[in-house]
Amino acid sequence: MFAVGATVAAASDSGGSASSGTSSRAPGRYSPDAGFARDMAVHHQQAVEMSFIVRDRTGDEPVRSLAYDIANTQANQRGMLLGWLDLWGLPKVIADEPPMSWMAASDGEAGGDGGHHGHDMGAAKPGALMTGMATKEELAALGAAHGRDAEVLYLQLMTDHHKGGVAMARGCARQCATPAERALAQGMVEAQQSELTLMADMLKQREAAPRG
């Protein structure tokens with residue numbers, strides 16, 4: 001909890017005074033900093049949900065341990081992202097903001113209010129909110145599976161999820177103006193790439209492979 005508080009405080013210091021709303025360094029409403037925080041909070045929430053689902057669908061300790069680690073890590077990171085939005089005085093949800101539209105902003109706009117730059121990433125599959133995210137049907141299938149079937153589906157869905165998350169985190173590492181947020185994003189890239197390697201090995205052990 002201390003680490004989370006310190007990271008949020010660092011973001012507040014680097015982004016200016018959110019409470020006064022007068023600092024030119026505070027991220028804009030449609031900036032990459034704010035857009036990433038909003039979108040990754042949603043992205044992380046689904047990873048936590050999937051991890052809790054598989055925990056109750058298998059007794060396999062390696063899968064349960066991985067699911068616990070992912071749920072714990074991403075829940076904490078989600079708290080940081082939402083905490084920064086609060087500190088910056090920015091909304092957690094913007095109804096007319098397309099998911100991942102912040103990734104269309106150029107590096108020169110990274111610290112400001114990028115405005116509406118509609119950007120279709122073309123990576124989200126039909127029925128999924130953002131790239132890598134599972135559909136309602138896939139979540140239902142995971143909830144109905146048991147044992148090895150649940151393990152394999154979870155690992156496949158989480159592999160897709162991590163790949164989408166890595167792409168988003170790389171975008172923030174390039175474009176976000178807040179040093180603490182850039183550092184968190186880069187940490188996400190490195191940690192999730194390591195977990196991608198682990199999940200590929202776990203799938204191979206179950207005579208399965210990532211999808212696509």
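Our structure is the block above this text.
Since the model is a prediction, treat every value here as computed from it, not as a measurement.

Visitor: Before we move on, could you go through the overall build of the protein and cite the residues and values that matter?
Guide: When helices and strands are tallied, the protein shows six helices and zero strands. Shown N-terminal to C-terminal, the secondary structure of the protein runs as helices and strands in the order α-α-α-α-α-α. Accessible surface for the protein amounts to roughly 9,800 Å². Of this, 54% is attributable to carbon and sulfur atoms.

Visitor: Describe the packing of aromatic side chains, and please don't skip the residues or the numbers.
Guide: In this structure the tally under the stated criterion is two aromatic pairs. Measuring from ring centre to ring centre gives 5.6 Å for Phe36 and Trp102, while their planes differ by 80°; the resulting arrangement is edge-to-face. Linking Phe36 in helix 2 (residues 32–55) with Trp102 in the loop between helix 3 (61–88) and helix 4 (136–144), this pair joins segments that are 66 residues apart in sequence. Each of the two residues, Phe36 as well as Trp102, counts as buried. On the numbers, 6.2 Å between centres and 25° between planes, the contact of Trp84 with Trp88 is stacked. Placement of both Trp84 and Trp88 in helix 3 is noted, with a separation of four residues, approximately one turn of the helix.

Visitor: I'd love a proper account of the side chain of Glu195, names of residues and values included.
Guide: Within the secondary structure layout, Glu195 lies in helix 6 (residues 179–205). Here Glu195 sits buried without a salt bridge, and the closest side chain of opposite charge, Lys163, lies 14 Å off (N-O distance). Excluding residues that lie within four positions of it along the chain, Glu195 makes contacts with Ile70 and His162.

Visitor: Got a sec to walk through unusual backbone geometry? Specific residues and values, please.
Guide: For residues other than glycine, phi is negative in most cases, and the peptide bonds are mostly trans. Here the phi dihedral of Met100 falls at roughly 70°; this positive angle occurs in a residue that is not glycine. For Met100, a relative accessible area of 3% corresponds to the buried category. Notably, Glu207 is not glycine yet its phi reads approximately 55°, a positive angle. Structurally, Glu207 can be placed in the segment after helix 6.

What counts as what
- Residues numbered from 1 in each chain as written.
- Predicted model: local features only at pLDDT ≥ 70, side-chain atom pairs only at ≥ 80, totals over all residues.
- Heavy atoms only, no water.
- Helix = DSSP H or I, 4+ residues; strand = E, 2+ residues; numbered from the N terminus.
- Areas by Shrake-Rupley, 256 points an atom, 1.4 Å probe, with all protein chains shown as cover.
- Phe/Tyr/Trp six-rings, centres within 6.5 Å; stacked < 30°, edge-to-face > 60°.
- Buried < 20%, exposed > 50% of the residue type's maximum accessible area, 1.4 Å probe, protein only.
- Lys, Arg positive; Asp, Glu negative; His and termini not counted.
- Salt bridge = Lys/Arg side-chain N within 4 Å of Asp/Glu carboxyl O.
- Contact = heavy atoms within 4.5 Å.

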